[in-house]
Amino acid sequence: MSGDDLERRGRSKDSNRTENFVHTETHWTSWLIPVFVVANIAVFVVIMYVNNCPKHSRSRADGKCVARFLGRFSFQPLKENPLFGASSNTLEKLGALQWGKIVHGHQAWRLVTANWLHAGLIHLVANMLSLVLIGIRLEQQFGFLRVGVIYLLSGFGGSILSSLFIQQNISVGASGALFGLLGTMLSELITNWTIYSNKAAALLTLVVIVVVNLAVGILPFVDNFAHIGGFFTGFLLGFILLPRPRFGWLERYSLPADVRVKSKYKVYQYVLGLLALALVVAGFTVGLVMLFHGENGYKRCNWCRYLNCIPTSKWECNRT
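For the structure given in this document, a descriptive report is provided here. (Residues numbered from 1 in each chain as written. Predicted model: local features only at pLDDT ≥ 70, side-chain atom pairs only at ≥ 80, totals over all residues. Heavy atoms only, no water.)

**Quick notes on the packing of aromatic side chains**
Inference 1: One pass over the full model with this rule turns up 14 aromatic pairs.
Inference 2: Centre to centre, the rings of Phe-36 and Tyr-151 are 4.8 Å apart; their planes meet at 25°, and the pair counts as stacked. Placement of Phe-36 in helix H3 (residues 32–51) and of Tyr-151 in helix H9 (residues 144–165) is noted, with a sequence separation of 115 residues between them.
Inference 3: Looking at Tyr-151, the relative accessible area reads 3%, which means it is buried.
Inference 4: Aromatic pair Phe-235 and Phe-239: ring centres 5.0 Å apart, planes at 80°, arrangement edge-to-face. With Phe-235 and Phe-239 both in helix H12 (residues 224–241), this residue pair falls four residues apart, about one helical turn. Each member of the pair, Phe-235 together with Phe-239, is buried.
Inference 5: Each residue in the set Phe-231, Phe-232, Phe-235 and Phe-239 is aromatic and connected to the rest through ring pairs, giving one cluster.
Inference 6: A cation over an aromatic ring shows up here: Arg-72 above the ring of Tyr-49, its NZ or CZ 3.7 Å from the ring centre.
Inference 7: In this structure, Arg-305 is placed above the aromatic ring of Tyr-298, and the distance from its NZ or CZ to the ring centre is 4.4 Å. (Phe/Tyr/Trp six-rings, centres within 6.5 Å; stacked < 30°, edge-to-face > 60°. Helix = DSSP H or I, 4+ residues; strand = E, 2+ residues; numbered from the N terminus. Buried < 20%, exposed > 50% of the residue type's maximum accessible area, 1.4 Å probe, protein only. Lys NZ or Arg CZ within 6 Å of the ring centre and 35° of its normal.)

Set out below in structure tokens:
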């Protein structure tokens, strides 16, 4: 009996095979995602310490510091920052995305540091709750190394796309990395399609979540380009880093001697992984070359501005 025969026989017992797969896969203890959460909180504390609203806001006409009992950790006036956070000057000083400083100031490190900064307490809490809900499950299933790589590279990819289009304002936040984890969940479902039950329901749920979150990004003052860049980076990395071995490979040592499963992964998993790898390398290369040559993304894609903000009678879109 060949490995292919084993696969065909397994399809007729899909529910049993899925149950057995769950028992044979490794479950990891999640520690990296909690470390990321603590790191983001610690960085926010540093931001507020450096910001020192009482000292730097004395002559401001836009209101008093919020929560002044916190001393130098108090928040900027709500007219200046409604998210309960620091000033834009502080964020820029500590590593926010700023096109001019990246391109002309040779501060490429901002493509990384911006992912660890948050505009305010509300921004921080929303992102960290999302990170816990999404990231811990992925780390338990696939381990800290792969999930950590996806998180960091997705944040980097989001920063590149954001910098290509948003050149007059600063941008901060872990949203690009978070959208990368969402993209990874979608590609993981696709590449490991055969092991899941209720496939259509799982796919529909994920697609709805992604669409809703991207739709929120068309509101003003939300960096949807970071979301989109992070999402597609994570989506492609999922095909590269998260394919699960075929069932027969996991059970190969308990199979009869005449049964052999020749390949650890299925052909379509190899094809998707190689194609995704080529696209990731090409995307990062083209994006970085365009960025450091001072390209403006809107000149090559004028309609792309509507991916970031759609003007209505209720608000204007002035991010360029």
